[in-house]
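Understanding the architecture of this molecule
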Amino acid sequence: MLGDIRTYIVHSIMNWVITINVYYCFTVTSSSAVSAHLVASVIVAVVEGRGLARGEVGMASIDLKNPEVVLSQFADNTTYAKVITKLKILTPLEIIMSNTACDTGNTTKLFSLITENFKNVTFTTVQRKYFNETKGLEYIEQLCTSEFGTVLMEVQSKYYCLAAAAALLKYVEFIQNSVYAPKSLKVRFQGSEQTAMIDSSSAQNLELLTNNRDSRNGHTLFGVLNYTKTPGGSRRLRSNILEPLVDAETINTRLDCVQELLQDEELFFSLQAVISRFLDTEQLLSILVQFPKQDTVKAAESKITNLIYLKHTLELVDPLKTALKSCKTHLLKAYYSSLEDKRFGIILEKIKTVINDDTRYTKGCLNMRTQKCYAVRPNINEFLDIARRTYTEIVDDIAGMITQLGEKYNLPLKLSFSSARGFFIQMNAECAVLPNGQLPSEFTKITKMKNAYSFTSADLIKMNERSQESLREIYHMTYLIVCKLLSEIYEHIHCLYKLSDTVSMLDMLLSFAHACTLSDYVRPEFTDTLAIKQGWHPILEKISVEKPISNNTYITEGSNFIIITGPNMSGKSTYLKQIALCQIMAQIGSYVPAEYSSFRIAEQIFTRIGMDDDIETNSSTFMKEMKEITYIIQNANDKSLIIIDELGRGTSTEEGIGICYSVCEYLLTLKAFTLFATHFLELCHIDALYPNVENNHFEVQHVRNSAGNKEKITYTYILSKGHTEEKNYGLKAAEVSSLPPSIILDAKEITTHIARQILQKQRTTPETLRQRAVYHLATRLVQTARNSQLDPESLRIFLKGLKKKYEADCPVSGQAQTEDGQ
Ligand SMILES: Nc1ncnc2c1ncn2[C@@H]1O[C@H](COP(=O)(O)OP(=O)(O)OP(=O)(O)O)[C@@H](O)[C@H]1O
């Protein structure tokens, strides 16, 4: 009987309510809402060792939307680059540190650096006593689910991350006004060695998540790859882009999946259809594992909502299994088996004993309100059934009243609902003829939006209150039933961790496959060589109408330092970024924009790009350059990929060349793969001293106009061997710009004059003549040595000796000068 009434009410409300203000109390699942998912919700506690242990840092973080505690502990250098990078990746909402880190007059360097780098993040200090490793261990023993219990072995003697965990969990329970249920959290220890490190300024330079032009648009690597359907999927993609994998086997396992998804269209579409119906499973878990300290109506309503979400989520397990049933690759099969966990079925069965079969997650606040109101099966609580009958009658009365009012005033009135106003009346202004152009005085709180009037009446306000009152009763009684139900299913709930992991991973892999279908990407291989055949820039492809010009890349251990030259606007920066982006794409398990590609796994990716001043840290262009290059020098190793796009441009030419030269020489001592773009053509000659240096340049074409008197540059964006032969290309680029012709003419004259003066001076000084002779001799010797049958080691020793001699004879400022003064 009650079931019938309920069905009747649901239908009648649906018929009467025309306008429903859509309000998702849970995060919506469309990809357009991605930015909303990226809103900061992570709290991090950081603590540093004291005395001899200074530099040893412990971190613990938790995402308020995901019940997973991530612990890490590592030794950092004096610039605290690792801490800052890790924090930037986490994009925290709040950072917690010990009050002893900022004792008056005794602020630690780590504290100053964090506050300097995270000016917009809430910063909280708590007493040092809360950073207590014993308490931390207790917390983890108590809260970590048995499935992730092995973490205890990993962190047992890692005092700093345990101390950070203690402060973090205490603090989060305090601010959330709730406690975590025993054995309910996933706790993970994250060693820094499992992922490649990309520092935050490189992430910015490469436009991984945001671009320098507009933080909202999707012209970023994230934008290129993000076709995820769930908030968890987009979060996973984001974190993978910032921290790509370094284990070729894991990457290949992912690539196998992407390949299968691309080859099996049916699998792709059926999987995507199921995945897109999932809600934010991590957030759901996060709420389910917390017990509110106080029972408020809001808390009650939220628990009921989440139980409905839980039912919705569990009902998707079977369709997901069906979609995965015939898959072939290892990872997809593993996900299929993880779904065979019996606990999904057990929880769902238990839920169904209390919750109506047809109760489900629906969009729209009134729909959800109705679902919550009638969620519990009839005959479980007699008083609940009576309260729901009362509610039904009130809603019926409200609907009847609106019909009567419409007839009374002969107006096309409609009943509407919003979470803020409750029930209210709406009327299309165009369909109504108002006496004296005014609404009857009975109507109050009138607002007009476009062509629709919204208003209420004193009676409707009273009825709204009554409906709210009876709803509160219903929620309260439902809440008690739901709590009892949840207490029965708690022991099984941790299978949801597996599910959320499966869903977010599948979502990300589907997203990679989706991106591939829109452009011809290729599956990367992992070898000792970075070889890209006809690769292109994925973000440029998204922005431009025409497909970008593609280029080859070939870097090996024997030829690991590539100097790139070419006029302004010829495509150097684009090419450098394209290589780093392809490397990241490959290391997260995505296909890459190329005809063929092979990568050497990079443990770190460094970039130095751009000429902007950093207003935030009050650094000049030059200082910013120096800071970035220092960071690279301090942290790079043989497995790094280093991209340097112009260096030493913020100071005088001679000093700039000097800096570039010495930086190159340092980097040449590493086996890192380095790409170095420069306008200092003097640098190109370094290949004479180092056999592992290679010169490449971007070609341009000169086209004369029909009268044959004016030359125009055409950019080919094609990379060729050797260094550029172009001269005065700055002036040529300026000609294309809107700089007035008179200024350009002046500039040309001055340039010619200065060049002539320099040449004159160089030709005449005995020192220059000597240097030139040494240079030519050195070049010839190198060539002879290369042509000889010397084995690589002897050749290296020979060249090193030669270099020393050359340096002694020929100081840096005069090093690479050739006859025409270049
Ligand atoms: N491969 C390409 N295909 C098509 N267009 C390209 C390509 N490379 C670059 N471009 C276009 O040329 C513009 C300039 O390229 P880029 O900034 O890479 O030049 P650059 O050589 O680094 O210039 P500068 O030396 O002045 O910094 C880009 O904004 C892009 O629109």
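Residues numbered from 1 in each chain as written. Predicted model: local features only at pLDDT ≥ 70, side-chain atom pairs only at ≥ 80, totals over all residues. Heavy atoms only, no water.

**Here we look at the packing of helix H17 (residues 342-354) against helix H20 (residues 458-489)**
It is at 10 Å that the axes of H17 and H20 come closest, and there the two elements cross at 160°. Between H17 and H20, the angle falls in the class roughly antiparallel. Judged by the twist between their axes, the crossing of H17 over H20 is right-handed. Note on element contacts: H20 touches H17 through Ile481, Leu485, Glu488 and Ile489, opposite Ile347, Lys350, Ile351 and Val354. Here the residues of the contact of H17 with H20 sort into six nonpolar, no polar and two charged. (Axes fitted to C-alpha atoms, helices over the stretch in contact; angles between N-to-C directions. Helix = DSSP H or I, 4+ residues; strand = E, 2+ residues; numbered from the N terminus. Parallel < 35°, antiparallel > 145°, perpendicular 65-115°, else oblique. Left-handed = near helix turned anticlockwise from the far one by under 90°. Contact = heavy atoms within 4.5 Å. Nonpolar A, V, L, I, M, F, W, Y, C, P; charged D, E, K, R; others polar.)

**As for the site of the ligand**
Neighbouring the ligand are 14 residues, the closest being Ile549, Met569, Lys572, Ser573 and Thr574. Between the ligand and Ile549, the relevant distance is 2.9 Å, taken from a nitrogen atom to a main-chain nitrogen or oxygen of the residue. In this structure, an oxygen atom belonging to the ligand sits 3.3 Å away from a side-chain N or O atom of Tyr717. Protein burial of the ligand: of its 630 Å² of free accessible surface, 73% is covered by the chains. Sorting elements by how many residues they give to the shell around the ligand places helix H23 (residues 572-588) first, with three residues. Across the shell around the ligand, the residue classes break down as six nonpolar, six polar and two charged. (Near = heavy atom within 4 Å. Polar contact = N/O pair within 3.5 Å; in protein donor to acceptor, adjacent residues only side chain to side chain. Areas by Shrake-Rupley, 256 points an atom, 1.4 Å probe, with all protein chains shown as cover.)

**Here's the deal with the pattern of salt bridges**
Under the criterion given, the structure shown has 21 salt bridges. A salt bridge links Lys484 to Glu488; the shortest N-O distance between them is 3.4 Å. Residue Lys484 and its partner Glu488 are located together in helix H20, separated by four residues, close to a single helical turn. For Lys484, a relative accessible area of 55% corresponds to the exposed category. You can call Glu488 partly exposed: its relative accessible area is 33%. (Salt bridge = Lys/Arg side-chain N within 4 Å of Asp/Glu carboxyl O. Buried < 20%, exposed > 50% of the residue type's maximum accessible area, 1.4 Å probe, protein only.)

**Digging into the sheet that holds strand S21 (residues 596-599)**
If you trace the four strands from one edge of the open sheet to the other, you get S17-S21-S18-S19, paired in mixed fashion. In this open sheet, the two strands that pair with only one neighbour each are strand S17 (525-526) and strand S19 (551-555). Here strand S18 (residues 530-535) runs beside S19; their pairing, made up of four bridges, is antiparallel. In the sheet register, Gly535 faces S19, and the bridge partner there is Asn551. Here H23 sits on the sheet and contacts S17, S18, S19 and S21; the angle it forms with S19, its principal contact strand, is near 70°. (Pairing = 2+ DSSP bridges.)

**With respect to the environment of Ala513**
With respect to the helices and strands, the residue Ala513 is situated in helix H21 (residues 495-518). Placed 256 residues apart in sequence, Ala513 and Cys257 show a C-alpha to C-alpha distance of 8.9 Å. Discounting chain neighbours no more than four positions away, the residues touching Ala513 are Val258, Leu261, Leu262 and Phe268.

**A look at unusual backbone geometry**
The phi torsion at Asn379 lies on the positive side, around 70°, for a residue other than glycine. Structurally, Asn379 is set in the loop between helix H18 (365-373) and helix H19 (382-409).

**Quick notes on the pairing of strand S20 (residues 561-565)**
Counting buried residues in S20 gives five out of five residues, a clear majority hidden from the surface. Of the two faces of S20, the one carrying Phe561, Ile563 and Thr565 and the one carrying Ile562 and Ile564 are both buried. Judged from the four bridges that link them, S20 and strand S24 (residues 673-677) form a sheet pairing that is parallel. Counterpart to Ile564 in the pairing with S24 is Ala677. Note: S20 against strand S25 (residues 693-704), five bridges, orientation parallel. Looking across to S25, one finds that Ile564 is bridged to Asn696.

**Structural notes on the sheet that holds strand S10 (residues 186-189)**
Here six strands make up an open sheet; going across it, the order is S8-S5-S2-S3-S4-S10 and the pairing mixed. The open sheet has two edge strands with one neighbour each: strand S8 (122-126) and S10. Within this sheet the neighbouring strands show an average axis-to-axis angle of 20°, counted without direction. With five bridges connecting them, strand S5 (residues 94-98) and S8 associate as parallel partners. Pairing of Ile96 across the sheet is with Thr124, part of S8.

Read these as spatial facts, not as claims about activity.
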